[in-house]
Amino acid sequence: MKQRSVGSSGLRVSRLGLGTLGWGSGTDGDDAAAQLAAFAEAGGTLIDTSPAYGEGRAQRVLAEVLDDVVPRRELIVSSAAGISIRGGRSRIDCSRRALLDQLDATLAELGTDHLDLWQIAAWDPHTPVDEVASTLDYAVTSGKARYVGARGYLGWQLATASGAAGAGRIIATQAEYSLLARGIEDELLPAADHHGVGVLAAVPLAGGGLTGKYRKGTPADSRGADDAHAEWIRGYLTDTAENVVDAAATAASGLKTSPLAVALAWARDRPGVSSAIVGARDLAQLTGILVSEELELPSAIASALDDVSS
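Conventions adopted
Residues numbered from 1 in each chain as written. Predicted model: local features only at pLDDT ≥ 70, side-chain atom pairs only at ≥ 80, totals over all residues. Heavy atoms only, no water. Helix = DSSP H or I, 4+ residues; strand = E, 2+ residues; numbered from the N terminus. Rg over C-alpha atoms; globule rule 2.2 N^0.38 Å. Buried < 20%, exposed > 50% of the residue type's maximum accessible area, 1.4 Å probe, protein only. Contact = heavy atoms within 4.5 Å. Areas by Shrake-Rupley, 256 points an atom, 1.4 Å probe, with all protein chains shown as cover. Lys, Arg positive; Asp, Glu negative; His and termini not counted. Charge placed at Lys NZ, Arg CZ, Asp CG, Glu CD. 1 Å grid on protein atoms, 1.4 Å probe; cavity = no way out; pocket = protein on both sides within 12 Å on 5 of 7 lines; lining within 4 Å. Points joined across faces, edges and corners; volume = space filled by probe spheres on them. Nonpolar A, V, L, I, M, F, W, Y, C, P; charged D, E, K, R; others polar.

## Observations regarding the overall build of the chain
Okay, so step 1: From N to C terminus, the chain includes 11 helices and 12 strands.
Okay, so step 2: Computed over C-alpha atoms, the radius of gyration of the chain comes to 19 Å, within 12% of the 19 Å expected from 2.2 N^0.38 for 310 residues, which places it in the range of a compact globule.
Okay, so step 3: Principal axes of the C-alpha set define a box for the chain whose edges measure 50 × 40 × 35 Å.
Okay, so step 4: The buried share of the chain, taken over its 310 residues, is 52%.
Okay, so step 5: Residue pairs in contact within the chain that sit at least 24 positions apart in sequence constitute 75% of those at least 6 positions apart.
Okay, so step 6: Here the chain has roughly 13400 Å² of accessible surface; of this, 50% comes from carbon and sulfur atoms.
Okay, so step 7: The chain carries 27 positive and 39 negative side-chain charges, and their two centres are separated by 1 Å.

## Section: empty space enclosed by the protein
Okay, so step 1: For the structure on display, the rule yields 1 cavity of 30 Å³ or more.
Okay, so step 2: Of the volumes computed, that of the largest cavity is approximately 100 Å³.
Okay, so step 3: Around the largest cavity, the lining comprises 13 residues; the ones closest to its centre are Trp123, Val129, Val132, Tyr153 and Ala161.
Okay, so step 4: It is helix H4 (residues 129-141) that contributes the most residues to the lining of the largest cavity, 4 residues altogether.
Okay, so step 5: When its residues are assigned to classes, the lining of the largest cavity shows 11 nonpolar, 1 polar and 1 charged.

This is how it looks when you write it as structure tokens:
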């Protein structure tokens, strides 16, 4: 798997990252171990987790398989702090106290003395940006985080935080980006480019909407059939989205590959994107995702997808 620099930093990551959002929920420990082994064997290095994923279950599963399956030193482990979820309700708190408590808890949970990338999970209007910046500085200078970033920031928020940074310079920003979600192109991508920040494209397959599996209805084993995710998935199943999915399927037919591979390659190779983070329910699903690494979209097809999805 090809490796890329994250923004203008020295950190290099695989251009596909493995997300752990469903670990401990739809994905058990055995499936997680199989996924991590296959991902690493394919040359993948970036593992994305968070204490908010599954109310902590994802990190616990990662802790169980880390080192046993793949040596910790061979992975780029990324986690976050600033959001806590209990009983299905989320709470944003990016105060120095809350951030460092979550960082220490994550390190203890994963049995490691540092994170390769530690990200602020959300913009907190109740915490001064200088306080957040000094916390990032401390994480880096103390050695608890090698690099730092931010998730879910708007363009002006990223620019503001980058301007306040010291030793803890923001080198990555994580945001949803796909053929069905291109909003970050207006402000976030230009801000990231200006400040030398690499983009980690989250949800690049639009929750499975870009794989084509919903073209003829909702499969019984899909997220769209799950009450917990059905409303979220329906947001991707619009008439406009149908046209985009049809275009990806047409391109896939011509390239003798899958709509999934086409959509993922498009997001992965957009200007400014350092890595596209994908999640899989099981090993079979991940295997289908890893096949996309072999695909380089012809420029004419990429341009056509740009047009139909804009």
